[in-house]
Amino acid sequence: MEHAVESDETSRQMSVPQEIPASRIQEALAEILISVPFRSSNQSQQLLRYIVDKTLSGHAGLLKERVIGAEVFGRRPDYDTNADPIVRARAAEVRKRLALYYQTEHGRSVRISVPHGSFRAIFEQIERNPVQLPSAPSPGPELSEPPAETGASAIPRDVIGHDLKQASAEPRVRWWWIAIAASVVILIWAIQQNFPSPQVRAFNQFWSPVLDNPHRVLIYVGGNAVYQLSPSYLDEYYREHPRSHSEEMGFESYIPLPPGTKIDAQDLYPAKDIFVTIGDVAAITKIEAVLVRRNRQFDIRYGGDIAYGDLRESPTILVGAHNNSWTLTMTENLRYVFDGRSAIVDRSDPRKRWSSSADFAEDYAIVSRVLNSQAGTSVIIAAGVGYPGTQAAAEFVTNPQSVSALVKSFPKGWEKKNIQIVLHTTATNQRAGAPDVVATYCW
């Protein structure tokens, strides 16, 4: 569903406060685009730049889902936004990258955001409160020229001098304690960096084949097999049905196909390397956060945008199983493998078999860490039988508590060994629950 927007003038007034010059907003945008959260994603850069430019130019009315899909991502002007939610997915990714940017970077004095439910940019002045240095009170005329000592109203000179010294000393004392407190905070931070907790240390050891590799990390997820109705079929359908249907349901709704409906093969075409499941997107987001927090550069590839040479040059993270041929290739000779379309089996004991339900309300996944894969580099794989399993696998492997609790059962020297973990999860409302471990192998 596309979001309604205000008129261009209203949008301009709401989105670009008059006191923020466009040049400052463009400077802030340029800084964001070269930052760690954005530099590895060309699509996120393109989308954010487009949104900011249209908002600044007063054309926020063009910031509709289908228009963005056509102008930024090269989709047909009449493409189905429900079947291809690339704009919503990339907008959600832009919001998360912006949040990471403002958490990890200082940024300029302008904050750029894209609120949920809209594709319009909002620009806000970042208030920076300068530290007010305390100053000693300046002596008034009565102190520079003390009154004559007449009776009880006279003030002794030594008392005046003592009060002035005390007033000037108090700010120095306060700043001394502030400096001590700041030093303690810095010391604690340094200790945490050099002596991490056992949980963080175990987590870092698990991820070390990727995090300690000097090369850019490659994240790869395959595309899902989806067939779409041809434009000619859709045009014929709407010609044969009342216009009221499209007005009520919208052109982005599913076309009803009751039992017995016949569709010619020419009315279907494969949407190759376009669609990614909800579970895969959630998995990539979790993995990106780990890499961003550790200032690691990474490259995300989808569908057919990968070659064998890419895997040889970079430490690799594979996401998904049956939509990712590289996952199946890299794991086919390991102990735990995917068997058919709905199960995982233990090759050393085929009686051990874990099957997912048809609707993936109950799902299984494999996490694999292979130090010397067939491609010659280290590989970490988070893959489920279905999309909930993939999401659960990524959440497990990016959670320091889960990883540190698991490795306690591993043999000594596990840090330099290959690892496989079989996980089980349940899904509610397309959301995977907390996974539990059903089998492990370390060699």
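Residues numbered from 1 in each chain as written. Predicted model: local features only at pLDDT ≥ 70, side-chain atom pairs only at ≥ 80, totals over all residues. Heavy atoms only, no water.

Things to note about the overall build of the protein chain
Scanning the protein chain from N- to C-terminus turns up 16 helices and 15 strands. For the protein chain, the proportion of its 443 residues judged to be buried stands at 41%. Considering only intrachain contacts with a sequence separation of at least 6, the fraction spanning at least 24 residues in the protein chain is 66%. If you sum the accessible surface of the protein chain, you get close to 24,300 Å²; carbon and sulfur atoms cover 54% of it. (Helix = DSSP H or I, 4+ residues; strand = E, 2+ residues; numbered from the N terminus. Buried < 20%, exposed > 50% of the residue type's maximum accessible area, 1.4 Å probe, protein only. Contact = heavy atoms within 4.5 Å. Areas by Shrake-Rupley, 256 points an atom, 1.4 Å probe, with all protein chains shown as cover.)

A short note on the packing of helix 5 (residues 65-73) against helix 6 (residues 86-104)
Where helix 5 meets helix 6, the axes come as close as 9 Å, and the angle between the chain directions of the two elements is 80°. Taken together, the axis directions place helix 5 and helix 6 in an arrangement best described as roughly perpendicular. Of the residues in helix 6, those touching helix 5 at Glu65, Ile68, Gly69 and Phe73 are Ile86, Val87, Arg88 and Arg90. (Axes fitted to C-alpha atoms, helices over the stretch in contact; angles between N-to-C directions. Parallel < 35°, antiparallel > 145°, perpendicular 65-115°, else oblique.)

With respect to the packing of aromatic side chains
Enumeration according to the criterion identifies six aromatic pairs in this entry. Relative to Trp354, the ring of Tyr336 has its centre 6.0 Å away and its plane inclined at 70°; by these criteria the two rings are edge-to-face. Here Trp354 lies in strand 10 (residues 353-355) and Tyr336 lies in strand 8 (residues 336-339), a separation of 18 residues in the sequence. Classification of Trp354 as buried rests on a relative accessible area of 14%. Geometrically, the ring pair formed by Tyr441 and Trp443 is stacked, given 4.9 Å between the ring centres and 15° between the ring planes. Overall, the relative accessible area of 32% leaves Trp443 in the partly exposed class. A connected cluster of aromatic rings, assembled from ring pairs, spans Phe203, Phe206 and Trp207. Directly above the aromatic system of Tyr441 lies the positively charged group of Arg335, at a separation of 4.8 Å from the ring centroid. (Phe/Tyr/Trp six-rings, centres within 6.5 Å; stacked < 30°, edge-to-face > 60°. Lys NZ or Arg CZ within 6 Å of the ring centre and 35° of its normal.)

Regarding the pattern of salt bridges
Taken as a whole, this structure holds 13 salt bridges when the rule is applied. Put simply, Arg301 and Asp310 hold a salt bridge, and the shortest N to O gap is 3.2 Å. Looking at Arg301, the relative accessible area reads 17%, which means it is buried. On the basis of relative accessibility, which here comes to 21%, the residue Asp310 falls in the partly exposed class. The partner of Asp349 in a salt bridge is Arg351, with the nearest N and O atoms 3.0 Å apart. Judged by relative accessible area, which is 17%, Asp349 ranks as buried. Residues joined by salt bridges that share partners form a network here, namely Arg90, Glu93, Arg97 and Glu288. (Salt bridge = Lys/Arg side-chain N within 4 Å of Asp/Glu carboxyl O.)

Topic: the confidence of the model for the protein chain
Caution applies to low-pLDDT regions: their predicted coordinates should not be interpreted in detail. On average, residues of the protein chain score 80 in pLDDT, and 77% of them reach the 70 mark or higher. Across residues 1-18, confidence stays below pLDDT 50; counting only partners more than four residues off in sequence or on other chains, it has 36 contacts. Contacts of residues 130-164 to residues separated by more than four positions or lying in other chains number 17 contacts, the stretch itself having pLDDT below 50. (pLDDT = per-residue confidence, 0-100.)

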